[in-house]
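# Tertiary structure, described
Below are the chains, spelled out letter by letter.
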Amino acid sequence: MNAIVQAEKVLQFFHDISQIPRESGHEKELSDYIVQFAKDRNLEVSQDEAWNVVIKKPASAGYEDRPTVILQGHIDMVCEKTHESNHDFRKDPIANIIDGEWLHADGTTLGADNGMGVCMAMAILDDDTLAHPALEVLCTTSEETGMNGASAIKPGQVTGKYLLNLDTEVEHEFIVSCAGGCHVIVNIPLLRENTLPGFNAGLTITVSGLLGGHSGLEINKQRGNSNQILARVLYALGKQYSFTLSNFTGGTKHNAIPNKSVATLAVRTEDVEAIKNLIAHYESTFQHEFAAQDPCLTITVDGTDVPDVVYADDTTEALISYLYLAEDGVHSVSKSIENLVETSNNLAVVKEDSHALSILVSVRSSSKNGLDYLTTKMLLLADTLGVSARKTDGYPAWEYEQGSALEEQALTLYKKMSPVEPTVNAVHAGLECGLLKGALPDTQMISFGPTITGAHTPQEKCHLPSVENVYIYLKELLKELH
């Protein structure tokens, strides 16, 4: 492994913040830690009602006339773990395990997305030997669950001419545009009835083993969606055998492709063995369909207690029909940017409360028309099935400003420093730059960062040599920007 010398402080700060719970919506402790970090260094700091933190550091000697630069990242993380893990994200520290050139956790997400970018900014602030213009470090909250922190930023909180978003996950890649998105929330009335006589056996059907992944960055891989696969299984099962459904759950986050879904059924005892054989057939069929992208897909059926109460037929039919008919995955690709998904859909979460079954649908697009079209389709499908649905406000796309001074300077410097040619891309995911543009309409923005794989999954890893390389580049870029 390449020696981590210049980024040693970055990794130390990352270890420190890994001791502090920072699930989206629960970042106050880390926000307070960062505020104290700034006060300990006599830096100007403010914290708003969304727990966003802004730290300001004056320019170093000779750089007073350079334009102010904003370093920006989000402090929350997606909290996912393996099914075997007992990790409690509300209190347990995240393990930092070095394996060769890679850093990973222990059966959980690592939080390098976007903790590593935040720690790079902290290391910059901590080093008084660096040459740099006036700095504004903006640490935002709840990015992973709707960019609430960035939405709360008001004009005047930060004012820099340039903004460096440190939330890109491929070294040598610069992001200059991102998709916008919104959620559609479908509510199916949760009507229940007592289990009918004759349905005297209980079964649990589980779809699992899918890779899942980031519903923007990895939607192009066309991985299986456990919610839709389970709905397809139940639809096909209902064509041959009678059953009543008592529970259906799947997915955990709007921005993660669901990798496990579970349904509990009441069936007739005389049908149990035939149903198990049929499920084994479906498992083989779906394994063939998803062999390339999800080679570990499994569909299992296990006996369980007979449920006393089940969904009414109308509830079951609406749920299965919506999940079966709704689009999932890539809807369209860009006609102007090669290999860019333009519009996509993720049937992200199915859960129930005391009154309704809800389906959380995440829609993304770099085209406003594309976003409106697919969102309307999701709403219209709900209306056709006689259930309610609503659209959230969402977040705007970040439109490309071709030929900006920031992009030109960033790329020119990178080509001088690296033997690898940089790429300039748009990304089919939401970055906070789209929202921050509302408060900073005249600020030029670009996004880059170290290599992170498996983001939003327990397989998340961060490439340590790329942390070193990106941090060295970041320090040089601050020295060169004008």
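Heads up: the structure comes first, above all this text.
Residues numbered from 1 in each chain as written. Predicted model: local features only at pLDDT ≥ 70, side-chain atom pairs only at ≥ 80, totals over all residues. Heavy atoms only, no water.

### Side note on the overall build of the protein chain
Our working rule: Runs of H or I in DSSP of at least four residues are treated as helices and runs of E of at least two as strands, each being numbered from the N terminus. The globule rule used here is 2.2 Å times the number of residues to the 0.38 power, and the radius of gyration it is set against is calculated over C-alpha atoms. Contacts are assigned to residue pairs with any non-hydrogen atoms lying within 4.5 Å of each other. Where accessible areas are quoted, they stem from the Shrake-Rupley method and a 1.4 Å probe; at the residue level, only the protein chains shown are allowed to cover. Within this scheme the basic residues Lys and Arg register as positive and the acidic residues Asp and Glu register as negative, but His and the chain ends are omitted. Just so you know, the charge point we use is NZ for Lys, CZ for Arg, CG for Asp and CD for Glu.
Looking only at helices and strands, the protein chain features 11 helices and 23 strands. For the protein chain, the C-alpha radius of gyration of 24 Å lies close to 23 Å, the compact-globule estimate for 482 residues. Pairs at least 24 apart in sequence give 79% of the contacts found in the protein chain among residues at least 6 apart. When the accessible surface of the protein chain is summed, it comes to about 20000 Å², and 49% of that surface belongs to carbon and sulfur atoms. Taking the average place of the 35 positive charges on the side chains of the protein chain and the average place of its 65 negative ones, the gap between the two points comes to 2 Å.

### As for the packing of helix H1 (residues 8–17) against helix H3 (residues 112–126)
What counts, and what does not: To obtain an axis, a line is fitted to C-alpha atoms, over the contacting stretch when the element is a helix, and the angle between two such axes runs from 0 to 180 degrees between their N-to-C directions. Every angle not falling under 35 degrees, over 145, or within 65 to 115 is termed oblique; those three ranges are roughly parallel, roughly antiparallel and roughly perpendicular. Should the near helix be turned anticlockwise from the far one by less than a right angle, the crossing is left-handed, and should it be turned clockwise, the crossing is right-handed. Asp, Glu, Lys and Arg are counted as charged, while Ala, Val, Leu, Ile, Met, Phe, Trp, Tyr, Cys and Pro are counted as nonpolar; the rest, among them Gly, fall into the polar class.
Direction vectors running N to C along H1 and H3 enclose 125°, while the axes themselves pass 8 Å from each other. Between H1 and H3, the crossing angle belongs to the class labelled oblique. As for the relative orientation of H1 and H3, their crossing is right-handed in sense. Mapping the contact onto sequence places Lys 9, Val 10, Leu 11, Phe 13, Phe 14 and Ile 17 in H1 and Ala 112, Gly 115, Met 116, Cys 119, Met 120, Met 122, Ala 123 and Asp 126 in H3. Class assignment for the residues of the contact of H1 with H3 results in 11 nonpolar, one polar and two charged.

### Description of the pattern of salt bridges
Definition in use: A side-chain nitrogen of Lys or Arg and a carboxyl oxygen of Asp or Glu constitute a salt bridge if their distance falls within 4 Å. Throughout this description, buried means an accessible area under 20% of the type-specific maximum (1.4 Å probe, protein chains only), exposed means over 50%, and partly exposed covers the range between.
According to the stated counting rule, one finds 17 salt bridges in the structure shown. The residue Arg 192 makes a salt bridge to Glu 352 at a minimum N-O spacing of 2.6 Å. Note that Arg 192 is positioned in strand E10 (residues 192–194) and Glu 352 in strand E17 (residues 341–352), a separation of 160 residues in sequence. Residue classification places Glu 352 among the partly exposed positions, given a relative accessible area of 27%. We note a salt bridge from Lys 415 to Glu 421, for which the minimum N-O separation is 3.8 Å.

### Concerning H1
We count it as follows: The arc in question is traced by the directions running from the helix axis to the C-beta atoms.
All buried positions along H1 are accounted for by Val 10, Phe 13, Phe 14 and Ile 17. Looking straight down H1, one finds its buried side chains confined to an arc of 105°; they lie on one side. Looking at the packing, one finds that the buried side of H1 touches helix H2 (28–40), strand E5 (102–104), H3 and helix H11 (464–480).

### Observations concerning unusual backbone geometry
Cis geometry marks the peptide bond from Asp 113 to Asn 114, where omega comes out at 5°. With respect to the helices, strands and loops of the structure, Asn 114 is situated in helix H3. Even without being glycine, Ser 142 reaches a positive phi, approximately 50°.

### Re empty space enclosed by the protein
Which entries qualify depends on this criterion: Of the grid points, spaced at 1 Å and generated over the protein atoms alone, those admitting a 1.4 Å probe that cannot get out make up cavities, while open sets with protein on both sides within 12 Å along at least five of seven lines make up pockets; any residue with an atom within 4 Å of a point is treated as lining. Grid points are joined across faces, edges and corners, and a volume is the space filled by probe spheres set on the points.
Under the criterion given, the structure shown has four cavities of 30 Å³ or more. Roughly 60 Å³ of internal volume is contained in the largest cavity. Lining the largest cavity, in full, are Val 176, Trp 398, Glu 399, Tyr 400, Glu 401, Ser 404, Glu 407, Lys 437 and Met 445. Its residues placed into classes, the lining of the largest cavity shows four nonpolar, one polar and four charged.

### So, the sheet that holds E5
Two orientations exist for strands paired in a sheet by backbone hydrogen bonds: parallel and antiparallel. Inclusion rule: Note: two strands are recorded as paired if DSSP finds a minimum of 2 bridges between them.
The antiparallel open sheet is built from four strands, whose spatial order is E4-E5-E23-E22. Strands with a single pairing partner mark the edges of an open sheet, and in this sheet they are strand E4 (97–99) and strand E22 (452–453). Where E5 and strand E23 (residues 461–463) come together, three bridges link them in antiparallel fashion. Residue pairing across strands places His 104 opposite Lys 461, the latter belonging to E23. The sheet contacts of H11 involve E4, E5 and E23, and relative to E23 the element is tilted by about 55°.

### Considerations on the nonpolar core
The line we're drawing: We call a set of buried Ala, Val, Leu, Ile, Met, Phe, Trp, Tyr and Cys residues a nonpolar core when their side-chain atoms join them within 4.5 Å.
With 62 residues, the main nonpolar core has Val 10, Ile 55, Leu 71, Leu 164, Phe 448 and Leu 474 as its most contacted residues. Examining the composition of this core, we find that 10 residues originate from one element, H3, more than from any other. With near-sequence residues (within four places) excluded, Phe 448 lies in contact with Leu 164, Asn 165, Leu 166, Asp 167, Thr 168, Glu 173, Phe 174, Val 470, Tyr 473, Leu 474 and Leu 477. With 51 residues, the next largest nonpolar core counts Val 184, Phe 290, Tyr 311 and Leu 347 among its residues.

### Looking at helix H8 (residues 368–384)
Basically, it comes down to this: By definition here, a helix of n residues has an expected span of 1.5 Å times n minus one.
In this model H8 runs 24 Å from its N-terminal to its C-terminal C-alpha over 17 residues, within 8% of the 24 Å that 1.5 Å per residue would give. For H8, the full list of buried residues reads Gly 370, Leu 371, Leu 374, Thr 375, Met 378, Leu 381 and Ala 382. Projection of H8 onto a plane perpendicular to its axis shows the buried side chains occupying an angular sector of 125°, all on one side. Residues of H8 that are exposed and angled more than 90 degrees away from the buried face: Lys 368, Asn 369, Leu 380, Asp 383 and Thr 384. One or two residues past the end of H8 sits Gly 386, with phi positive at roughly 80°.

### Looking at the pairing of strand E2 (residues 53–57)
The buried fraction of E2 is high, at four of five residues. Pairing geometry for strand E1 (residues 44–47) and E2, over four bridges, is antiparallel. From the neighbouring strand, Gln 47 faces E2, where its bridge partner is Val 53. Of the pairings in the sheet, the one linking E2 to strand E6 (residues 135–140) comprises five bridges and is antiparallel in character. Within E6, the residue paired with Val 54 across the bridge is Leu 138.

### Here we look at the layout of surface pockets
Of the pockets and cavities examined, the largest pocket occupies roughly 750 Å³. Lining of the largest pocket is provided by 39 residues; of these, Glu 169, Gly 216, Leu 217, Glu 218 and Val 427 occupy positions nearest its centre. Those elements that place two or more of their residues in the lining of the largest pocket are strand E8 (173–178), strand E20 (423–427) and E22. Broken down by class, the residue content of the lining of the largest pocket amounts to 14 nonpolar, 15 polar and 10 charged. One number sums up the size of the second largest pocket: a volume of about 600 Å³. Together, 29 residues line the second largest pocket, and Glu 80, Lys 81, His 83, Asn 259 and Pro 458 are the ones closest to its centre. Residue composition of the lining of the second largest pocket, by class: 10 nonpolar, 13 polar and six charged.

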